[in-house]
Amino acid sequence: MRDLPSAAALLALGREVLAHELAPLLPEERRPDALLIARCMAIAEHEMATEEAPLRELRSLYGSDEEPEELLRRFARDLRIGAFEDREPAEPAARALLWRLTVARLRRSNPQFLAANGLR
Amino acid sequence: MALSHFLAAASGARAVEISGLEPLHGGALQENWGLDARFSGGELGGDQRLVLRTDAATGITASLTRSQEFAILKAAFATGVTVPEPLFASADSTIWGRPFLIMRRVDGIAAADRITSDAALDPAFPAIAHRLGCELARIHAIRPPRPDLAFLPPATETGPERQIVGFRAYLDRHPVPRPVLEWGIRWLETHLPSPAGPVLCHHDFRTGNYLLDGGVVTAILDWEFAGWGDSDEDIAWFCCKSWRFARLDREAGGIADRAPFYRGYESTTGRRIDPQRVHFWEVLASVRWAVIALQQCDRHMTAGAPDLDLALTGRRAGECELEILMLLDRAGSCCDA
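Cut-off values and rules
Residues numbered from 1 in each chain as written. Chains lettered and ligands numbered in written order. Predicted model: local features only at pLDDT ≥ 70, side-chain atom pairs only at ≥ 80, totals over all residues. Heavy atoms only, no water. Pairing = 2+ DSSP bridges. Helix = DSSP H or I, 4+ residues; strand = E, 2+ residues; numbered from the N terminus. Axes fitted to C-alpha atoms, helices over the stretch in contact; angles between N-to-C directions. Salt bridge = Lys/Arg side-chain N within 4 Å of Asp/Glu carboxyl O. Buried < 20%, exposed > 50% of the residue type's maximum accessible area, 1.4 Å probe, protein only. Phe/Tyr/Trp six-rings, centres within 6.5 Å; stacked < 30°, edge-to-face > 60°. Lys NZ or Arg CZ within 6 Å of the ring centre and 35° of its normal.

(A) Structural detail: the sheet that holds strand β1 (residues 15-24) of chain B. Residues and elements named next belong to chain B. A sheet is described by the order of its strands in space; here five strands give the open sequence β1-β2-β3-β5-β4, paired in antiparallel fashion. Only two strands of the sheet have a single partner each, and these edge strands are β1 and β4 (86-90). Sheet twist, expressed as the mean angle between neighbouring strand axes with direction ignored, is 25°. Pairing geometry for strand β2 (residues 30-40) and strand β3 (residues 46-55), over 10 bridges, is antiparallel. Of the residues in β3, the one forming a bridge with F39 is G46.

If you want it as structure tokens, here you go:
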């Protein structure tokens, strides 16, 4: 699962601002460049909309092929009630999964922050 | 103009002429306007540089009303906290379209990225951190009961147990599961500190919410979340990673080590800061900011305030989740691949 709005939706919003608010403020000779950038964003928007989060470990943790969203909800519910606490090997597996989900999320949205924390 | 008439009546002036009005950079939840005005007579007779502070078009429910913020500012000003002098407030929406307060305008910059990346301020930063510790201690000297602040809910309604309930209620409504936040909240629930005597907490005391002018603290700003609470909550909020901006390595607000900040606080209060308690509140700070960031994003998504900045704020929740993991499971970072 990814944050909302999705990367694709953010790209669409940024592209709207670029094309309709910023481009008109540019000198006429540079407006085509701005529209090109908007087009690049549109392409990336479509590609990002099909990207998937790494959820193989989640399926492994539960030994289930349920839908990723349902598994993630189940994981969150279990963490809330401490279902993995003091259980080997479930607890370290759950922690490792938390790290993987978080790092994967930041790789998409803020790789600079990961790097600033010594991660990549 | 209705505002001129209001200012004249409130100050006892014969007339008020507004000569300048400009939007100022401010918080996401409030609008601030710089206001230059000439008062003919009354308690403010002469030229005055003021700020009008009002709600943004959409807000989140946790913040105080402007009238309540005005009362908090008056209490802080009277106690010697460095705040802009509060002058007037009005709940009459016919004057400005929304309730507002008026305070004196103070020089300085608040831009956190600019402050934390300004190498010219490096020599002054330890003294600034010390001063901020002293300022926070003065805020915490305000304690209940206070009839002038009777609108504030008791600390029992804003303590960590209640905050945990609020975090979970929000996550139950949020469409995307957030396992790290659930894990962090569970840790909070099982590591609650012993209750501390309630003090007035700013609840958003951080770099970005004070003004610096030439390396001197000229104002503590943005009191919209103030309320009774645990003093360590404010200390942890100032130090938590989310508010270090360009300098993650400087643990006191991105400007200095913790030592000068703590010394300023401890020398004013006479109380030793307990790092274990601050650790708890730092975890809570990361959860809290994650939830606020998601709520800000909700304003973009569902509350009729489409805005690229708000939309991107929601992405900062991931930063908080990383910090929760680093605070509680530092050894686990080796298996991040």
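Moving on from the model shown.
(B) Structural detail: the pattern of salt bridges. This structure, assessed with the given rule, holds 41 salt bridges over all chains. R178 of chain B is the salt-bridge partner of D3 of chain A, the closest N and O atoms lying 2.1 Å from each other. Taken together, the residues D3 of chain A in the segment before α1 (7-22) and R178 of chain B in the loop between α6 (160-173) and α7 (179-190) connect one chain to another. Residue R178 of chain B is classed as buried on the basis of its relative accessible area, which comes to 2%. For E135 of chain B, the salt bridge goes to R131 of chain B, with nearest N and O atoms at 2.8 Å. On the criterion of helical spacing, the pair formed by E135 of chain B and R131 of chain B is a turn pair, its members being four residues apart in helix α5 (residues 125-140). For E135 of chain B, a relative accessible area of 0% puts it in the buried group. Here the salt bridges share partners, and the residues they tie into one network are R53, D55, R66, E69, D222 and E224 of chain B.

(C) A look at the packing of aromatic side chains. Residues and elements named next belong to chain B. Enumeration over the complete set of coordinates arrives at 13 aromatic pairs over all chains. Pairing F6 with F88 gives two aromatic rings, centres 6.4 Å apart and planes at 90°, and the pair type is edge-to-face. Of this pair, F6 sits in helix α1 (residues 2-11) while F88 sits in strand β4, and the two are 82 residues apart along the sequence. Using a relative accessible area of 15% as the deciding quantity, one classes F6 as buried. In this structure F88 comes out as buried when scored by relative accessible area, which is 7%. Taking 5.5 Å as the distance between ring centres and 50° as the angle between the ring planes, the aromatic pair formed by W237 and W243 counts as tilted. For the residue pair W237 and W243, the accessibility class agrees, reading buried in each case. Ring pairs connect the aromatic residues F205, F238, F261 and Y262, which therefore count as one cluster. One cation-aromatic arrangement involves R206 over W243; the distance from NZ or CZ to the ring centre is 4.0 Å.

Note that all results are geometric; they support no functional claim without further evidence.
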